[in-house]
Amino acid sequence: ALAAIWALAAQLPAAVGSASGDTKLIVFGIPVLAYVMKDRIKALTNEYLSARLRKFDHKSWLHGPSMEVLGLGMVRLRAREAMRFLRSSEAPESVAALRLARRTVLRAENTGEEVIHYRKLISLEVEGDAPMPPGYWLRDILRLNMRHFMVRLDEPLARQSYFDARSGAFATAALPKVYHVNVILVVRRDDADGATEEQREHLRVVLDKQRIVRVERVGAVSAEVAAE
């Protein structure tokens, strides 16, 4: 806004100098407001269109001489990735049902949870319908960096006062303070013949400010869907 006022004042015709105060305010205000709104319009438009036009944030191909050395020169592998923040109500029903199953705190509300939706699509093609060498298959390893969560957590121990009946006096105890990160994995494979196989799994990562305490396997569901 200050830059717009300076540029406008330098270019303003001298005839405006004799105008009334309200007229000068309007003459100055409209261009300045338009200048400020320009950047906001650009930012909001970019945010709105990116989520609808750009389906993936990152795309990569795996092929070349290194694949030929391994005897996989006929293989073309493409990976596409995307990450979005969602509201709890925007999560798919099957994912929400798996998340709410076997909760540690009954009747706890999950509306305040932050949901990160990470999606990866891997396409595997073979040139000329050549058969894959025996013993080769595709394994995708998903790595999640929990350090970004841990640095924002509270101290790992909380001091709690209580009445000790044996000593007849108040005492304090150090209670561990942990946090839960629920990871819902949905893996779907579409074969060339149109058959679909899907597997869903719920992992609970228990961590504190210093380390990952444990990883619990809450549940898993697998299903085969016939081709339509």
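Residues numbered from 1 in each chain as written. Predicted model: local features only at pLDDT ≥ 70, side-chain atom pairs only at ≥ 80, totals over all residues. Heavy atoms only, no water.

## A word on the overall build of the chain
So, step 1. Scanning the chain for helices and strands turns up five helices and eight strands.
So, step 2. Listing each helix as α and each strand as β along the chain from the N terminus yields α-α-β-α-β-α-β-α-β-β-β-β-β.
So, step 3. Per-residue burial for the chain yields a buried fraction of 17% across its 228 residues. (Helix = DSSP H or I, 4+ residues; strand = E, 2+ residues; numbered from the N terminus. Buried < 20%, exposed > 50% of the residue type's maximum accessible area, 1.4 Å probe, protein only.)

## Side note on the side chain of Arg204
So, step 1. Within the secondary structure, Arg204 sits in strand 7 (residues 196-207).
So, step 2. For Arg204, a relative accessible area of 7% corresponds to the buried category.
So, step 3. Not counting residues within four places of it along the chain, the set of residues in contact with Arg204 comprises Arg102, Arg103, Thr104, His180, Val181, Asn182, Arg214, Val215, Glu216 and Val218. (Contact = heavy atoms within 4.5 Å.)

## Observations regarding the pairing of strand 4 (residues 157-164)
So, step 1. As paired elements, strand 4 and strand 5 (residues 169-176) share eight bridges and run antiparallel to each other. Bridge pairing in strand 5 links Asp164 to Ala169.
So, step 2. The turn joining strand 4 and strand 5, which pair antiparallel and follow one another in sequence, is formed by four residues; a positive phi near 70° is taken by Gly168. (Pairing = 2+ DSSP bridges.)

## Some words on the sheet that holds strand 3 (residues 115-126)
So, step 1. Within the open sheet, the three strands sit side by side as 1-2-3. Their pairing is antiparallel. Only two strands of the sheet have a single neighbouring strand rather than two, namely strand 1 (58-62) and strand 3. When strand polarity is set aside, the average angle formed by the axes of neighbouring strands in this sheet is 15°.
So, step 2. Sheet topology places strand 1 next to strand 2 (residues 75-86); five bridges connect them, and they run antiparallel. Counterpart to Trp61 in the pairing with strand 2 is Arg78. (Axes fitted to C-alpha atoms, helices over the stretch in contact; angles between N-to-C directions.)

## Considering the environment of Val215
So, step 1. Inspection of the secondary structure puts Val215 in strand 8 (residues 212-225).
So, step 2. Val215 gets classed as exposed once you look at its relative accessible area, which sits at 53%.
So, step 3. Beyond its immediate chain neighbours, meaning those up to four positions away, Val215 contacts Arg204 and Val205.

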